[in-house]
Amino acid sequence: MGTNQFSQVEKIFLQQAGIERMNTYMPYITVENFPKLGLLASLRFLEWVSQNPNGLISLPTGKTSEYFIKYTHFFLENWENKKGQDLLTAYGLSGVKKPDLRGLQFVQMDEFYPISSKQHNSFCNYIENYYINGFGLDMNKTLLINSDVIPLVEGKSYNEVFPDLRIDLSLRYRDAKSSIERLQQKSIFSIDDWCSEYEQKIRGKGGIGFFLASIGPDGHIAFNTRGSDHYSTTRLTATNFETQAVTAGDLGGIEVSRNRLVITIGLETITYNPDVLAIIFAAGEAKADVIKNNLENEASNQYPASSLHKLPNSRFYLTNGAAVKLTDSVDKYYQTGDWTHQKTERAIIDLCPKINKFGHHITLEDLMADKYCRLIPNLNEGTVQSVIDSITAKFKKGMEHESNQVFYHTGPHHDDIMLGIMPRISRQLRDASNKFHFTVLTSGFTAVINQYVIDLLDETLGLISDNKIEMINFPDFFVEGYKFKWDKDIYHYLDNVAANNEYEKRRGVCHRVVRAVTEIWEVKTREQLVSAIIGILDNLRNSYDGSKNPREIQKLKGMIREMEEELVWAHFGVPVSNVHHLRLGFYQGDIFTEQPDYNRDVLPILEEFRKYKPTVISLAMDPEGSGPDTHYKVLKAIAAAVKEWKKEEDLSKLRVIGYRNVWFRYHPADTEVIAPVSLNSLSILDASFTDCYLSQVDASFPSYQLDGKFSHLTQRVWVEQLKQIQLLLGKNFFYQHERPLVRATHGLIYFRELTIDQFLQQAEELEKSMEGVAI
């Protein structure tokens with residue numbers, strides 16, 4: 001640790017972070033929020049470039065790079081004016097001449113293979129747009145992994161050699177069994193030769209001088225996944241499930257990413273130059289485990305970034321959320337600030353699995369032996385019981401009967417509400433005095449793969465041809481008839497769920513597709529309907545995997561998702577009119593999404609509040625940088641709407657429910673409510689997810705935590721949460737309880753319950769963790 005020398009920029013950020021000691025194998029710097037992470041990376045990059053104007057750099061692709069790119073643009077455009085100089089001076093770069101990036105050499109670190117460099121989802125295309133053109137780099141000084149120009153046997157293209165874009169790497173080791181396999185085998189060897197040449201070109205330049213990369217859920221840097229040899233070099237290779245899951249969004253679904261290989265520089269490629277400034281940056285609590293593993297464990301193939309331990313100039317740049325599980329951070333949490341009962345709860349709940357004891361078996365000696373529990377003020381024999389009592393109170397709150405309430409449940413995407421708090425909602429729905437509104441705030445079109453729509457439209461054409469979509473024969477259907485009886489499609493579908501009639505279920509979905517196509521394409525006749533569907537099919541079949549659809553097809557995909565949400569709540573008798581689709585405009589499917597706009601994104605929510613006057617609002621409440629950023633932007637829009645509504649109404653009795661689902665979990669100490677989940681609730685969750693979210697059943701965009709449906713992952717989370725509380729309260733608390741609801745508990749949901757002022761304060765704190773210095 002002592003051999004690492006921090007730069008002038010880094011010293012200032014380190015001072016601001018207030019890090020007093022580091023018990024890690026590599027140094028790290030923490031910042032308050034995601035934009036400031038980009039600011040730090042940008043300033044350190046420009047500082048390095050000013051000292052190494054002809055150096056060899058390798059920069060990242062993906063969403064983590066957003067503010068690195070924005071701030072670098074800002075500084076290059078404002079270096080010599082007051083706005084730029086004020087910021088440069090504040091971070092130690094006063095008097096430094098504006099860097100000229102044209103002398104830099106660039107090396108691409110990874111790429112899918114095969115993929116056309118013309119596709120917007122290729123990393124080669126990203127580099128050309130954001131770095132070569134965006135930063136003004138010299139194309140002649142770049143080393144790119146361009147599938148279009150990597151030579152294959154007989155000068156053939158990858159489409160000719162690998163017509164399905166799948167590559168069988170076993171051909172490296174076995175006999176080819178056909179002419180196409182012989183062609184593929186020779187081409188694989190040709191790619192291998194190209195990779196070796198690429199490696200030698202990097203080494204011939206002295207190796208990489210500045211390396212900046214994000215880190216994957218398995219710890220991968222570039223595409224060096226967990227288990228990669230620390231002496232690996234540039235190569236064509238397969239990836240693991242975690243990597244396939246996180247790249248599914250780039251490639252148009254796990255069906256594609258599971259079968260797509262990659263070309264990546266190796267770990268030794270990165271470390272070949274012993275003086276390389278190697279920086280890994282990460283944002284969000286979802287990365288906390290992988291950060292801890294790579295920083296606190298000895299170098300191991302299990303932890304790819306641990307290959308950087310040996311470098312004197314290696315660094316991790318982290319948001320506070322990403323660093324939250326580091327021992328240094330946990331120590332600071334317990335050792336600084338006021339001691340609260342929340343800290344006591346966390347320390348004792350975490351102690352139970354640490355020493356493998358039920359709460360009522362923990363002794364005062366156990367507490368004194370733990371480095372965190374011993375800090376509890378007035379520690380005594382009753383300390384554990386105080387936590388048992390407070391957690392029991394949260395559990396009782398989760399069983400309270402709700403009546404005469406107006407619930408306004410919101411989800412950033414379709415299925416978020418279900419996967420967050422469905423068992424809680426199902427109990428609320430049993431009281432007829434309660435009123436319900438379910439609102440999905442974005443279109444959610446990115447979750448529907450092209451092939452699903454192709455299959456659905458093919459079936460729709462077949463039904464039209466067989467005259468099985470009878471409504472289109474009514475004389476007023478294309479005038480205004482298509483606008484009515486949308487709920488009939490829902491009940492037709494659910495009737496046939498009950499009847500186990502797959503054909504009629506599918507016909508019900510196709511009815512809705514016809515209504516949607518008629519509305520979006522302003523169809524006026526049966527012939528125009530057929531022509532429109534054929535046109536959509538032509539577009540989709542001629543699109544590459546992961547391409548951005550035209551706006552009309554995005555809307556069609558979104559309307560397919562909207563029907564799915566209506567189906568879920570219709571299970572409980574909620575009418576279609578009480579399921580709302582706001583389609584907020586910031587959600588556009590781009591890699592860097594816009595921030596919510598008041599008129600476009602906040603006002604529609606405010607109008608809903610004014611109209612329905614909810615007494616309870618639920619929303620997804622993920623921590624900084626964890627889960628899709630749509631979750632945060634929706635929360636921000638809701639908070640802005642609530643703040644405006646508060647000026648008009650007395651909201652002192654309004655409650656806000658903050659839930660999480662598959663993207664991140666609460667610690668029970670951080671919540672106010674713990675609700676029971678029965679086997680019946682788990683069964684309803686899975687059955688309704690499978691029957692209703694038809695476009696999601698095959699898990700085309702899965703969580704990296706599970707290769708399967710989100711309903712299965714949700715069940716796993718709820719069951720694990722039960723085990724966590726069982727270890728504190730004891731299993732007897734559940735199966736010997738006087739209430740049947742408790743005896744039937746086989747899972748638990750944790751969630752927040754806040755007053756309006758508490759919610760707005762939480763939203764403000766989250767905003768501070770997400771948004772930095774204005775540029």
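Our subject is the structure that appears above.
Residues numbered from 1 in each chain as written. Predicted model: local features only at pLDDT ≥ 70, side-chain atom pairs only at ≥ 80, totals over all residues. Heavy atoms only, no water.

Participant: Please explain the overall build of the chain as it appears in this structure.
Facilitator: A count of helical and extended segments in the chain gives 28 helices and 17 strands. Overall, the C-alpha framework of the chain stretches about 80 × 75 × 60 Å when taken along its three principal axes. Classification of the 775 residues of the chain by burial places 59% in the buried group. For the chain, contacts bridging at least 24 residues in sequence account for 79% of all contacts bridging at least 6. Accessible area for the chain stands at about 31700 Å²; split by element, carbon and sulfur atoms hold 48% of it. Distance between charge centroids for the chain: 1 Å, based on 85 positive and 99 negative side chains. (Helix = DSSP H or I, 4+ residues; strand = E, 2+ residues; numbered from the N terminus. Buried < 20%, exposed > 50% of the residue type's maximum accessible area, 1.4 Å probe, protein only. Contact = heavy atoms within 4.5 Å. Areas by Shrake-Rupley, 256 points an atom, 1.4 Å probe, with all protein chains shown as cover. Lys, Arg positive; Asp, Glu negative; His and termini not counted. Charge placed at Lys NZ, Arg CZ, Asp CG, Glu CD.)

Participant: Whenever I open this one, the sheet that holds strand E3 (residues 105–107) confuses me. Can you help?
Facilitator: In any sheet, the strands associate via hydrogen bonds between backbone groups, in a parallel or an antiparallel arrangement. If you walk across this open sheet you meet the seven strands as E1-E10-E9-E6-E2-E3-E5, and the pairing is parallel. The open sheet is flanked by strand E1 (28–31) and strand E5 (142–143), the only strands paired with a single partner. Examined bridge by bridge, E3 and E5 share two bridges and lie parallel to one another. Residue phenylalanine 106 lies in a different strand from E5, and its bridge partner there is threonine 142. (Pairing = 2+ DSSP bridges.)

Participant: Can you help me understand the sheet that holds strand E8 (residues 261–264) in this one?
Facilitator: In space, the three strands of this open sheet follow the order E4-E8-E7, with antiparallel pairing throughout. At either end of the open sheet lies a strand with only one pairing partner, and these are strand E4 (110–113) and strand E7 (235–237). Strand-to-strand, the axes of this sheet are offset by a mean angle of 25°, without reference to chain direction. As judged from the four bridges shared by E4 and E8, these two strands associate in the antiparallel manner. By the bridge assignment for E8, glutamate 111 is matched with isoleucine 263. (Axes fitted to C-alpha atoms, helices over the stretch in contact; angles between N-to-C directions.)

Participant: Quick question: what am I supposed to make of helix H4 (residues 82–90) here?
Facilitator: Each α-helix winds once per 3.6 residues, and so residues spaced three or four apart point in a common direction. Every buried residue of H4 is accounted for by Gly84, Leu87 and Leu88. Considered in projection along H4, the buried side chains sweep an arc of 100° and stay on one side of the axis. Between the side-chain oxygen at the start of H4 and the backbone nitrogen of lysine 83 there is a gap of 3.2 Å, and the oxygen is on asparagine 81. Count one or two residues on from H4 and you reach glycine 92, which has phi positive near 85°. (Arc of directions from axis to C-beta. Polar contact = N/O pair within 3.5 Å; in protein donor to acceptor, adjacent residues only side chain to side chain.)

Participant: Teacher, can you tell me more about the side chain of glutamine 185 here?
Facilitator: Relative to the helices and strands, glutamine 185 is located in helix H7 (residues 179–204). Within the local environment of glutamine 185, its side chain forms a polar contact with the backbone oxygen of leucine 171, the two atoms lying 2.8 Å apart. Setting aside its immediate chain neighbours within four residues, glutamine 185 contacts Leu171, Arg174, Asp175 and Ala176.

Participant: Teacher, can you tell me more about the pattern of salt bridges here?
Facilitator: Summed over all chains, the structure comprises 49 salt bridges. Ionic pairing is found between arginine 174 and glutamate 181, a salt bridge with its closest N-O pair at 3.0 Å. Residue classification places glutamate 181 among the buried residues on the basis of a relative accessible area of 16%. For glutamate 649, the salt bridge is made with lysine 613, and the minimal N-O distance between the two is 3.0 Å. With glutamate 649 in the loop between helix H23 (629–646) and strand E15 (655–659) and lysine 613 in the loop between helix H22 (598–612) and strand E14 (616–620), this residue pair connects regions lying 36 residues apart in the sequence. Look at glutamate 649 and you get partly exposed, because its relative accessible area is 33%. Through salt bridges with shared partners, one network takes in Lys397, Glu402, Arg424, Arg655 and Glu753. (Salt bridge = Lys/Arg side-chain N within 4 Å of Asp/Glu carboxyl O.)

Participant: Got a minute to help me understand the pairing of E14 in this structure?
Facilitator: Successive residues of a regular strand alternate their side chains across the two faces of the sheet. Across the five residues of E14, five count as buried, placing the element largely inside the fold. Residue alternation in E14 divides its side chains into two sets, Val616, Ser618 and Ala620 and Ile617 and Leu619, and both sets are buried. Bridge count for strand E11 (residues 406–411) against E14 is three bridges, and the pairing is parallel. Within E14, the residue paired with phenylalanine 407 across the bridge is valine 616. In the sheet, E14 pairs with E15 via five bridges, with the strands oriented parallel.

Participant: Can you help me understand the pairing of strand E17 (residues 745–755) in this one?
Facilitator: Within E17, nine of the eleven residues are buried, leaving the element largely enclosed by the surrounding structure. As judged from the four bridges shared by E15 and E17, these two strands associate in the antiparallel manner. The partner of arginine 655 across the bridge, within E17, is threonine 755. With six bridges connecting them, strand E16 (residues 673–678) and E17 associate as antiparallel partners. Paired with isoleucine 674 across the strands is tyrosine 750, a residue of E17.

Just geometry here; none of it tells us what the structure is for.
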